[in-house]
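This is what each chain is made of:
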Amino acid sequence: MCAVRNKQSRNGRRNRSEWFGVDPVISVGNLWKVFGSNASQVVASDELKSLSRQELMDRTGAVAAVRGVDFDVAPGEMFVVMGLSGSGKSTLVRCLTRLVEPTAGTIMFEGENILEADAKRLRDLRRNKFSMVFQHFGLLPHRTVADNVGYGLEIRGVPRAKRGERSQEVIDLVGLTGYEKSYPDQLSGGMQQRVGLARALAGDPDVLFFDEPFSALDPLIRRDMQSEVIRLHREVGKTMVFITHDLSEALKLGDRILIMRDGQVVQVGTGDELVGAPADDYVRDFVKDVPRSHVLTLKWIMRPPRPDDELDGPELSPETVVREAVRSVLGADKPVKVVRDGELLGVVADEEILGVVAGEV
Amino acid sequence: MVAVAVPRRQIPRKALIVGGIVLAWLVLWLVFRNVGTLALDASELTPLHRWINSVNDAVGASRNSNPVFLYFFNEIRLVIDEFVTFVQALIAQPSFGRPVPVIGWLGVVAIAGFVSLAVAGWRVALLAVAGFVFLGLQGLWQESMDTLSLTLAAVVIALLFGIPLGIWAGLSDRANRIMTPVLDFMQTMPTFVYLAPLTLFFLIGPASATIATLIYAAPPAIRITAHAIRSVPHNTVEASESLGATRKQTLLKVLLPSARKTIVLGVNQTIMAALSMVTIAALIDAPGLGKTVVKALQTLDVGTAFNAGLAIVVLAIVLDRVTTAATERRSLPRWAFFGGFGVTGVAVYFSYTYLWAAEFPSEVEIGSSIRKGATAVTEWVQDSLPVITNGFKDFVTSVLINPLQALLAESPWFLVALVIVALSFLIGGVRAAVVSAACLGVLVATGLWQDAMITLASTLVATILVMILGVVVGVWMGRSRRADRFIRPILDAGQVMPAFVYLVPILALFSATRFTAIIAAVVFAAPVAIKIIADGIRAVSPATVEASTALGSSSWQTIVKVQLPMARRALTLAANQGLIYVLSMVVVGGLVGAGALGYDVVAGFSQGQLYGKGLAAGVAIVVLGVMLDRLTQAAAKRWTN
Amino acid sequence: MARHSVLGAVLVGALALAGCGGAKVGDSSSGAAGDCGTFNLAVNPWVGYEANAAVLAYVAEKELKCKVTKKELKEEVAWQGFGTGEVDAVVENWGHDDLRKKYIDEQKTAVSAGSTGVKGQIGWYVPPWLAKEHPDVLDWNNLNKYADQFKTSESGDKGQLLDGDPSFVTNDEALVKNLNLNYKVVYGGSETALIQAFRQAEKDKKWVIGYFYSPQWLLNEIKLEKVKLPEYKPGCDADAEKVACDYPDYDLDKIVSKKFADANGPAYQLVKNFKWTNEDQNTVAKYIAEDKMKPEDAAKKWVEANGDKVKAWLAKA
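Throughout this description, residue numbers start from 1 for each chain and increase along the sequence as written. Written order decides the labels, with chains lettered from A and ligands numbered from 1. Whole-chain, interface and lining totals are the exception, using all residues; otherwise, since this is a predicted model, local features are given only for residues with pLDDT of at least 70 and side-chain atom pairs are given and counted only at 80 or more. Side-chain metrics in this entry use all non-hydrogen atoms of the structure; hydrogen atoms and water are not considered.

Caption draft 1: Unusual backbone geometry, seen in detail. In this chain, C:Ser214 is followed by C:Pro215 through a cis amide linkage whose omega measures 5°. With respect to the helices and strands, the residue C:Pro215 is situated in the loop between strand S7 (209-214) and helix H8 (218-221). Even without being glycine, A:Asn30 reaches a positive phi, approximately 45°. The way it works is that DSSP assigns letters per residue, a run of H or I at least four long becomes a helix, a run of E at least two long becomes a strand, and they are numbered from the N terminus. Along the chain, A:Asn30 falls in strand S1 (residues 26-35). A:Asn30 gets classed as partly exposed once you look at its relative accessible area, which sits at 39%. The buried label goes to any residue with under 20% of its type's maximum accessible area, the exposed label to any with over 50%, and the partly exposed label to all in between, with areas taken from a 1.4 Å probe on protein chains only.

Caption draft 2: View of the sheet that holds strand S3 (residues 78-83) of chain A. Residues and elements named next belong to chain A. If you trace the six strands from one edge of the open sheet to the other, you get S6-S7-S8-S3-S9-S10, paired in mixed fashion. Among the strands making up the open sheet, the edge pair consists of strand S6 (130-133) and strand S10 (264-269). Neighbour-to-neighbour, the strand axes of this sheet turn through a mean angle of 20°, independent of strand direction. At least two bridges found by DSSP between two strands is the condition for calling them paired. Where helices are involved, their axes are fitted lines through C-alpha atoms of the stretch in contact, as for all axes, and angles between N-to-C directions lie from 0 to 180°.

Caption draft 3: Quick peek at the UniProt feature "domain: ABC-type glycine betaine transport system substrate-binding" (unreviewed entry) in chain C. When the UniProt feature table is mapped onto this chain, "domain: ABC-type glycine betaine transport system substrate-binding" (unreviewed entry) is found at residues 40-304 of chain C. The span residues 40-304 of chain C is 39% helix and 22% strand, and its two end C-alpha atoms sit 24 Å from each other. UniProt positions are given in the numbering used here, feature names are shortened, and annotations may be inferred rather than shown by experiment.

Caption draft 4: Geometry of helix H10 (residues 266-273) of chain C. Within H10(C), seven of the eight residues are buried, which leaves the element mostly enclosed by the surrounding structure. Along H10(C), the residues that are buried comprise C:Pro266, C:Ala267, C:Tyr268, C:Gln269, C:Leu270, C:Val271 and C:Asn273.

Caption draft 5: Fine view of the domain arrangement of chain B. Residue and element names in this part refer to chain B. Split by domain assignment, chain B resolves into domain 1 (84-361) and domain 2 (386-413 + 449-640). Reported domain spans reflect what an automatic or database domain assignment gives. Placing the centre of domain 1 and that of domain 2 at their C-alpha centroids yields a distance of 28 Å. Listed as interface residues are 27 residues of domain 1 and, on the opposing side, 21 residues of domain 2. In this description, buried area is defined as the sum, over both parts, of the accessible area (probe of 1.4 Å) that is lost when the two are combined. Both sides of the domain 1 and domain 2 interface together cover about 2300 Å² of buried area, and 86% of this is carbon and sulfur. Within this document, salt bridges are pairs made up of a side-chain nitrogen of Lys or Arg and a carboxyl oxygen of Asp or Glu, the two lying within 4 Å of each other. Where domain 1 meets domain 2, there are one salt bridge. Elements with a contribution of two residues or more to the side of domain 1 that touches domain 2: helix H6 (173-188), helix H7 (191-202), helix H11 (289-298) and helix H12 (302-325). When residues in the side of domain 1 that touches domain 2 are grouped by element, the largest group, nine residues, is from H12. A per-class count over the side of domain 1 that touches domain 2 returns 22 nonpolar, three polar and two charged. Residues count as neighbours in contact if any of their non-hydrogen atoms are within 4.5 Å of one another. Gly is put with the polar residues, along with every residue not named as nonpolar or charged; the nonpolar set is Ala, Val, Leu, Ile, Met, Phe, Trp, Tyr, Cys and Pro, and the charged set is Asp, Glu, Lys and Arg.

Caption draft 6: Examining the state of the cysteines more closely. All names here are of chain C. Any two cysteine sulfur atoms within 2.5 Å of one another count as a disulfide. Counted according to the given criterion, the structure contains one disulfide over all chains. Cys236 shares a disulfide with Cys245; S-S distance 1.9 Å. On the S-S bond that ties Cys236 to Cys245, the torsion sits near 85°, and the link is right-handed. Owing to a relative accessible area of 24%, Cys236 belongs among the partly exposed residues under this scheme.

Caption draft 7: Highlighting the pattern of salt bridges. The tally for this structure, following the rule as stated, stands at 50 salt bridges over all chains. Two residues, A:Glu112 and A:Arg121, come together in a salt bridge whose shortest N-O distance is 2.8 Å. For A:Glu112, a relative accessible area of 22% corresponds to the partly exposed category. We note a salt bridge from C:Lys101 to C:Glu106, for which the minimum N-O separation is 3.7 Å. Counted as one network, the salt bridges with shared partners bring together A:Arg143, A:Glu154, A:Arg163 and B:Lys253.

Caption draft 8: Structural view of the pairing of strand S9 (residues 250-257) of chain C. Residue and element names in this part refer to chain C. The buried fraction of S9 is high, at six of eight residues. Sheet topology places strand S3 (residues 89-93) next to S9; three bridges connect them, and they run antiparallel. Each residue of the ladder has a partner; that of Val90, found in S9, is Ile255.

Caption draft 9: Here's a closer look at the interface of chain B and chain C. Across the boundary between the two partners, chain B contributes 63 residues, which contact 59 residues of chain C. Counting each side, the surface lost to burial between chain B and chain C is near 5400 Å², with a carbon and sulfur contribution of 57%. Sorting the residues of chain B by area buried against chain C places B:Ile204, B:Gln298 and B:Leu300 first, and these three jointly supply 12% of that buried surface. The shortest N-O distance in the salt bridge between B:Lys295 and C:Glu72 comes to 3.6 Å. Definition of a polar contact: a pair of N or O atoms within 3.5 Å, with one able to donate and the other able to accept a hydrogen when the atoms are protein atoms, and with sequence-neighbouring residues admitted only if both atoms are side-chain atoms. In this assembly, chain B and chain C are joined by six residue pairs in polar contact (both at pLDDT 80 or more). The element contributing the most residues to the side of chain B that touches chain C is helix H3 (residues 67-91) of chain B, with ten residues.

Caption draft 10: Geometry of empty space enclosed by the protein. Think of a 1 Å grid over just the protein atoms. A cavity is a set of points where a 1.4 Å probe fits yet cannot get out, a pocket is an open set with protein on both sides within 12 Å along at least five of seven lines, and lining residues have an atom within 4 Å of a point. Grid points are joined across faces, edges and corners, and a volume is the space filled by probe spheres set on the points. If you walk through the whole model with that rule in mind, you get nine cavities of 30 Å³ or more. The space that makes up the largest cavity amounts to roughly 570 Å³. Taken together, 36 residues make up the lining of the largest cavity; nearest its centre are B:Leu283, B:Val294, B:Gln298, C:Pro45 and C:Lys74. Of all the secondary-structure elements, those providing two or more residues to the lining of the largest cavity are H11, helix H20 (499-510) and helix H26 (596-606) of chain B together with helix H7 (191-204) of chain C. Looking at the lining of the largest cavity element by element, the count peaks at five residues for H11(B). For the lining of the largest cavity, the per-class residue count stands at 22 nonpolar, eight polar and six charged. Considering only enclosed or pocket space, the second largest cavity measures out at about 150 Å³ in volume. If you go around the second largest cavity, you meet 18 residues; those closest to its centre are B:Ser458, B:Thr459, B:Ala517, B:Val586 and B:Ala594. Looking at the lining of the second largest cavity residue by residue, the class counts come to eleven nonpolar, six polar and one charged.

Caption draft 11: Main features of the sheet that holds strand S11 (residues 315-316) of chain A. All names here are of chain A. An order of S11-S12-S13 is seen for the three strands of this open sheet, with the pairing classed as mixed. The open sheet has two free edges, formed respectively by S11 and strand S13 (343-348), since each of these has just one partner strand. Here two bridges tie S11 to strand S12 (residues 336-340), and the two strands are oriented parallel to one another. Bridging across to S12, Leu316 finds its partner in Val338.

Caption draft 12: Spotlight on the packing of aromatic side chains. We call Phe, Tyr and Trp rings a pair once their centres come within 6.5 Å, taking the six-membered ring for Trp, and we label the pair stacked below 30 degrees between planes, edge-to-face above 60, and tilted otherwise. A complete count under the given rule lists 37 aromatic pairs over all chains for this structure. Look at B:Trp413 and B:Phe414: their rings are 6.0 Å apart centre to centre, the planes differ by 75°, and that puts the pair in the edge-to-face class. A residue is classified by how much of its surface remains accessible, and B:Trp413, at 31% relative accessible area, is partly exposed. Judged by its relative accessible area of 45%, B:Phe414 falls in the partly exposed class. Ring centres 6.0 Å apart and planes at 90° place the aromatic pair C:Trp129 and C:Trp207 in the edge-to-face group. You can see C:Trp129 sitting in helix H5 (residues 128-133) and its partner C:Trp207 sitting in the loop between H7 and S7, a full 78 residues away along the chain. Judged by its relative accessible area of 7%, C:Trp129 is buried. An aromatic cluster of at least three residues, connected via ring pairs, comprises C:Trp94, C:Tyr125, C:Phe198, C:Tyr211, C:Phe212, C:Tyr213, C:Tyr247 and C:Tyr250. Looking at A:Lys33, its charged tip hangs above the ring of A:Phe35, at a distance of 4.8 Å from the centre. Two thresholds decide whether a charge sits over a ring: the Lys NZ or Arg CZ must be within 6 Å of the ring centre and within 35 degrees of the ring normal.

Right, dumping it as structure tokens:
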């Protein structure tokens, strides 16, 4: 798994079909979460399920936070769920570990429907397979950094010495060395979230869930932390599900991005798919201000070679991001060939590049 | 009135309705005055009162044969008695065949200092040592230790039950719903009322004194623990759950440690409540400072009473500072810990072995000067102030108390009940109206309707005075740090100083009148209201005040248009707490001329024949409390939203 | 310390439960005959009582070598203590027919141990200055004449009759009604309130009339004058509603627990023989209340000056 991941450069993303040569780690099917005393009636009725959120609220007083969501997450993938506040994304991620009990649907994790897990099995899963990083950190104020990081191991019953060793490892990993004996309230927000991160990593889980982990942080620190997560993702190769309301964060981190609105999935795809082929006006409006040259790859702007093109110019992969191709394309006096596995897919010349870059100004 | 109401005009319309109700009440009052007032003479009893008396007699007669007594109450009493006696034997009373307690004054001082050092730092440790030595210098060492033993015993038991119950109420909404009204009842029920039944079940002496204290002191522990558990941030709990913690692990490793700080605050409140009970518990032979106060008052010896009251205040200050400081995280250097431990050990050994360290030396003594000073001050006050105070008394009596009392107590009961229910409906809707109607129903059933109305009138007047004082002083303190620093300790002391101590001078100033009782209640209740309002004013965002100043507001305008309106929540809370505190002084008021319910309770405690009536009066006070509490809370909700 | 206490509680709790079998109140009581043992003496909250108790305790400790435990209690509570073995003797009882009926006749836990020799009087009193300047106020027939003078903020347009030591039964409301007096009974609520009122009245020459009693230590300080009410005749107070006569004189007596009396120990003998006069009691009460002596010192002083009386109490023992 790690090997696969490491072969990929951050900028050479695979598209949807590429992710699913392997079985998904998490497979969510028709997931519903309705709040209200009559929740089960709502999900039992096709008529009620087809209502919009507002109509449902007016008719029954129930609030549908997550409405029929489907998606798969591949092993080693960084899967981002993006939506504005109230879109149901935080509820969704809590449903995945049953911190919030889903009303209906299936969540298959490594082939097991975790909605059917009993309390003990669920605890085992949480202890060994999942862990979560929270928006407001959720640290224990009365414990030192080291003890916070070791908390998950402690409740599993790992002996103290072993716990200390492992805590130290992850503390070093997230760059908190030297702060082991500090208390959370002595640390800055960014440092506190590193503790949260270390705590999540300490148990060596298969999947990490992030619930808007950086939205409470200053912009500069947020950028550092994003890079940190990218680095960690590269180093430990875990599957990650990352919730955010920030599109640029989503584009920066996500192998694939799920856009949510009013509890429903609007579109799932890689960043360049969202920008290059938005599913509807909502997504289009969303990605309007995204610097396209940072996201789009050559495959989105290439054109079939024309008869007058000289096809002996340099070659680039279709996954190359436009921004990074600018120098090669503008520097070459011939169109650049877009080639995968020796097959010519198209060409990119100055006007295609300028069309993207100029459109941003 | 029929005109279509524009939303903006709704408030004046409501005011009109209230005005209409009051006007109608006044008119009907003129017509029906003194009809159906359900008056009951001081010595008259209702069948209910007689029935309670007979139950009381039956219980007393069956004490040695009834299995409930043999196997339940007596066992409880024995356990508690042994426990208290054990603590007393340690620090207060001659014990184990020795002429002195196991640990003498030096040992106690050292332990107090060491414990304070360990949990609260050296400053507080110094305060604790100074405070305890001061108790000795006052000539009240043994009395203070008796009080401390009783307080500690009651607090330990209160916490033993209170914290688990609090945790339960914190975790379960249902438990919380059941417990809240019970706690309300425990806290509003005047202590005098259950003192007599307690002696019936648990006899007299330290055990029942401890139980009485316990009943009064446990509610804060329960409430605050529940609150602490409830206010642990949800995301912390969620984080723990996401790591796969069991419920028990989450409770032990997350909830309790996170709530620790607040729970310690609950411990603090419990200790304060327990200390404030010791004077009253003295009436059932609780040993200690309370007894000194009560006895001194038999001969109106204010000096001695004040000296003992001061000792209670000193104890309260020390215990308060230690527990407050204990909420902070701190770690003592190893050497200091073991050093302190060693010194304490030696001191305890000395105080066990040598007489000088066991009995506080009587050569150095400042108690008599304190007594003389307090007596002199009291005499000066009694001699020189009545000229001013009498005018004030007559003014308030004729302008506020008499008209209000006439209206409440001389109207037919159904008229008053109707008005109250109607006003409740306007303030808090159907719910409030139903609660009020139920409470009024109980009042009628107690047979003490008119007394309840007289007490209600005095209570309202006292609350008005408390609020006036609260706003004036509270705003001053809220705006000036210096005023706050100066006044706050006085307020703290005022809250712990037993009311009995200041009753004599107040009696001298105002004689035995309803007004005297009102003043006593105001003295007791005002500190709380003032503190709440001061904190509320301080909490108003400085940016808003700055903006107001920048617009050129005068201080007066800033207070009236910015600070007070923004401190609305604090104001309503102060009114609510003020009311509850005033009500808890109704019985003490009965000792100085309030008559009505307060006197009924006091007399019921003293005379067997009036026992049932006293108990009924106690219930009436609680019911008044519940009604007023719910009404002010409903009003507060309406006003602050 | 707290940990110690908890440990203690647990230990004690465990012990108590292990003992089990339902502990019976009063098992550990005193009153062993022959040897004096422990003498549980109730002390009711007034100084006259305290004087009795002080002297009795002093003699019991010094002469009989008893271990005296004083218990500060209100009357009703003290009487309850007879049944539980917590109280052996009450040494100044003011009538209390209700308590007698309940504890002596019905529960049979108490018995009378005879008079203390002190005569108690209850009635309406005025401060000395008033009695001197308006001597006719001392006759109830003239009270209506002065009703206006006795008006206060509490009594409205009537005169105020200050009542309300809550420990005593009063007939005052009935008296006012049945004697057609233009007065209102106002409940001061405590002895303290009454004393303070009389003190101020004497000092500032204020008009006060109120319920009071003798012997009381205040009378050493201020010679309150008793107002004459229609004479008491046995039975005239039988119907509480219709009372129109003065309070009876009380022969103050001693009440002891049945167990204590049956054991017939030296302490009981002492209590039974104890008898002195109003004057004696006033002397000791003055030592305590005004001279602020400790009760044991006050008792010592009196005992040393009255050896013969004390000898008489002990002679028959």
